[in-house]
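# Coordinate analysis (summary)
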Amino acid sequence: MFIDLHMHSTASDGTDAPAELARIAAELGLSAIALTDHDTTAGLSECAAACEREGITFVPGIELSCERGQERGTLHMLGYFVDPASEPLQRIAAEQIEARDTRNPQIIERLNRLGVDITLEDVRQQAGDGVIGRPHIAAVLMSRGYAKSMQDAFNRYIGYGAPAYVRKDRLPAGRAIDAVHAAGGLAVLAHPVQLKAADAADLQQVITDLIKLGLDGIEVWHSDHTPADVEQFRRLAERFELLMTGGSDYHGRRKDVAMGSQRVPGSVLEELTAAHERHQHAPGKPGG
Ligand code: AMP
Ligand code: ZN
Ligand code: FE
Ligand code: FE
């Protein structure tokens, strides 16, 4: 049986409601899913209830964008088995949403200066109740004919290095890891390929630095990873005794990846669950 431990709902920038994700997972025959919305746990309870109805194991998650510490690349931290009631986690989430509230008008202002006639209200409508992300802005750019595709919108307007790009990610990775641990969760480095490490030594440096900060695992399988990447990250996980996770990063219509497409084996969740239980029973340990 396969699982998928990385996906987004309408609570952030996915296009499927949390309950709908459970329904799709059941249709695909997945045995477990994790919901990992950007900066919010708002979709977790709905998804958990729907998974229970569908007979699917549910892992409550979150994805936090962290400071990369370098101009290039992005560093995203996944939290698994997080307790949404955790105060430190909610504080970080609120701070991240505040950072978005500061950034979004700045992006719109830059777009307007470039002659792109869209408003923050257009973006809010696109996002509905979800945490606003750049994919929502890209969707508005597409619907108004300013971009041919999501990729085109990022390349020409809002992606890193494009004229309307505004940096947001100021959260130190150590704070994200601590918040995930305080919420009883395990901290996993998302899609390491997106770090854009210069070479294998640089990658190893980033990962060993994160391990010192308490990192529990790395995402080995991801839609952006080539088979060679998967092999490299699997070896790194083995070498540094990190947990391995994997998922599609499904965003519904907003991204060209299918749920379940990474064909992550169920044994991955068994190991993750066992580690979570170990941490819970070890006071003072990460996740405890
Ligand atoms: P945000 O959290 O608002 O910075 O937006 C992050 C989201 O934008 C992620 O879910 C990515 O899938 C998407 N994204 C970031 N960079 C790109 C890119 N160059 N092309 C397409 N999607 C991107
Ligand atoms: Zn996203
Ligand atoms: Fe991510
Ligand atoms: Fe993601």
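Reading guide: rules and limits
- Residues numbered from 1 in each chain as written.
- Chains lettered and ligands numbered in written order.
- Predicted model: local features only at pLDDT ≥ 70, side-chain atom pairs only at ≥ 80, totals over all residues.
- Heavy atoms only, no water.
- Helix = DSSP H or I, 4+ residues; strand = E, 2+ residues; numbered from the N terminus.
- Rg over C-alpha atoms; globule rule 2.2 N^0.38 Å.
- Buried < 20%, exposed > 50% of the residue type's maximum accessible area, 1.4 Å probe, protein only.
- Areas by Shrake-Rupley, 256 points an atom, 1.4 Å probe, with all protein chains shown as cover.
- Lys, Arg positive; Asp, Glu negative; His and termini not counted.
- Charge placed at Lys NZ, Arg CZ, Asp CG, Glu CD.
- Donors = N, O, S within 2.8 Å, 3.2 Å for Na, K, Ca; no water.
- Near = heavy atom within 4 Å.
- Polar contact = N/O pair within 3.5 Å; in protein donor to acceptor, adjacent residues only side chain to side chain.
- 1 Å grid on protein atoms, 1.4 Å probe; cavity = no way out; pocket = protein on both sides within 12 Å on 5 of 7 lines; lining within 4 Å.
- Sits in = over half its atoms within 2 Å of the grid points.
- Nonpolar A, V, L, I, M, F, W, Y, C, P; charged D, E, K, R; others polar.
- Pairing = 2+ DSSP bridges.
- Contact = heavy atoms within 4.5 Å.
- Axes fitted to C-alpha atoms, helices over the stretch in contact; angles between N-to-C directions.
- Salt bridge = Lys/Arg side-chain N within 4 Å of Asp/Glu carboxyl O.
- Parallel < 35°, antiparallel > 145°, perpendicular 65-115°, else oblique.

Let's shift gears to the overall build of the chain. The secondary structure content of the chain amounts to 10 helices and 8 strands. Taken over C-alpha atoms, the radius of gyration comes to 18 Å for the chain, in line with the 19 Å a tight globule of 288 residues would show. Expressed as lengths along the three principal axes of its C-alpha atoms, the size of the chain is roughly 55 × 45 × 40 Å. When each of the 288 residues of the chain is scored for burial, the buried share is 56%. In the structure as shown, the chain presents an accessible area of about 12600 Å², 49% of it carried by carbon and sulfur atoms. Treating the 29 positive side-chain charges of the chain as one cloud and the 41 negative ones as another, the clouds have centres 6 Å apart.

On to the coordination of the iron ion (ligand 3). Angles at a metal have ideal values that depend on geometry: 109.5 degrees with four tetrahedral donors, 90 or 180 degrees with six octahedral donors. Taken together, the protein donors to the iron ion (ligand 3) comprise E63 (OE), H76 (ND1) and H191 (NE2), at separations of 2.0 to 2.2 Å. One chain supplies every donor for the iron ion (ligand 3), spaced along it as E-x12-H-x114-H. Here the iron ion (ligand 3) and the iron ion (ligand 4) are spaced 3.4 Å apart, with E63 acting as a shared donor. Pair noted here: H76 is in strand β4 (residues 75-80) and H191 is in the loop between β5 (186-189) and α8 (200-212), with a separation of 115 residues, a long-range link.

Turning our eyes to something else, we now look at the coordination of the zinc ion (ligand 2). Looking at the zinc ion (ligand 2), the protein donor atoms are D13 (OD), D13 (OD), H38 (NE2) and H251 (NE2), and they sit 2.0 to 2.6 Å from it. Of note, the donors binding the zinc ion (ligand 2) are all from one chain and are spaced D-x24-H-x212-H. Take H38: its relative accessible area is 11%, and that puts it in the buried class. Look at H251 and you get buried, because its relative accessible area is 5%.

Attention shifts here to the site of ligand 1. Every residue near ligand 1 is listed here: D13, H38, R100, R103, G133, R134, P135, Q151, F154, K168, H251 and K255. In the environment of ligand 1, an oxygen atom lies 3.2 Å from a nitrogen or oxygen atom belonging to the side chain of H38. A distance of 2.8 Å is found between an oxygen atom of ligand 1 and a side-chain nitrogen or oxygen belonging to R100. A total of 500 Å² of accessible area belongs to ligand 1 in isolation, and the protein chains cover 78% of it. A molecule is said to occupy a pocket when more than half its atoms come within 2 Å of that pocket's grid points, and by this definition ligand 1 occupies the largest pocket. Those elements giving two or more residues to the shell around ligand 1 turn out to be α3 (87-113), α5 (134-143) and α6 (150-158). For the shell around ligand 1, the per-class residue count stands at 2 nonpolar, 4 polar and 6 charged.

Once that is clear, we can look at the sheet that holds strand β3 (residues 57-66). The pairing of strands in a sheet comes from backbone hydrogen bonds and takes either a parallel or an antiparallel form. Taken together, the 8 strands give an open sheet; going across it, the order is β7-β6-β5-β4-β3-β2-β1-β8, and neighbouring strands pair in mixed fashion. This sheet does not close on itself; its edge strands, each paired only once, are β7 (243-246) and β8 (264-265). Against the sheet, helix α10 (residues 267-280) touches β1 (2-4), β2 (32-35), β3, β4, β5, β6 (217-221), β7 and β8, its axis set at about 130 degrees to β7.

Looking now at the pattern of salt bridges. For the structure shown, the criterion picks out 12 salt bridges. Between E27 and R23 there is a salt bridge, and its shortest N-O distance comes to 2.8 Å. Highlighted residues: E27 and R23, both in helix α1 (residues 18-28), separated by 4 residues, approximately one helical turn. Of the residues examined, E27 reaches a relative accessible area of 62% and is grouped as exposed. On the basis of relative accessible area, R23 is assigned to the partly exposed category, the value being 36%. Salt bridges here are not isolated pairs; linked through shared partners, they connect E20, R23 and E27.

Moving on to the packing of α3 against helix α7 (residues 173-182). Remark: α3 packs on α7, axes separated minimally by 8 Å, with the N-to-C direction vectors making an angle of 140 degrees. In terms of orientation, α3 and α7 fall into the oblique class. Within the contact between the two elements, α3 uses P88, L89, I92 and E95 and α7 uses R175, A179 and A182. Residues that form the contact of α3 with α7 fall into these classes: 5 nonpolar, no polar and 2 charged.

By themselves, these observations are geometric and do not establish any function.
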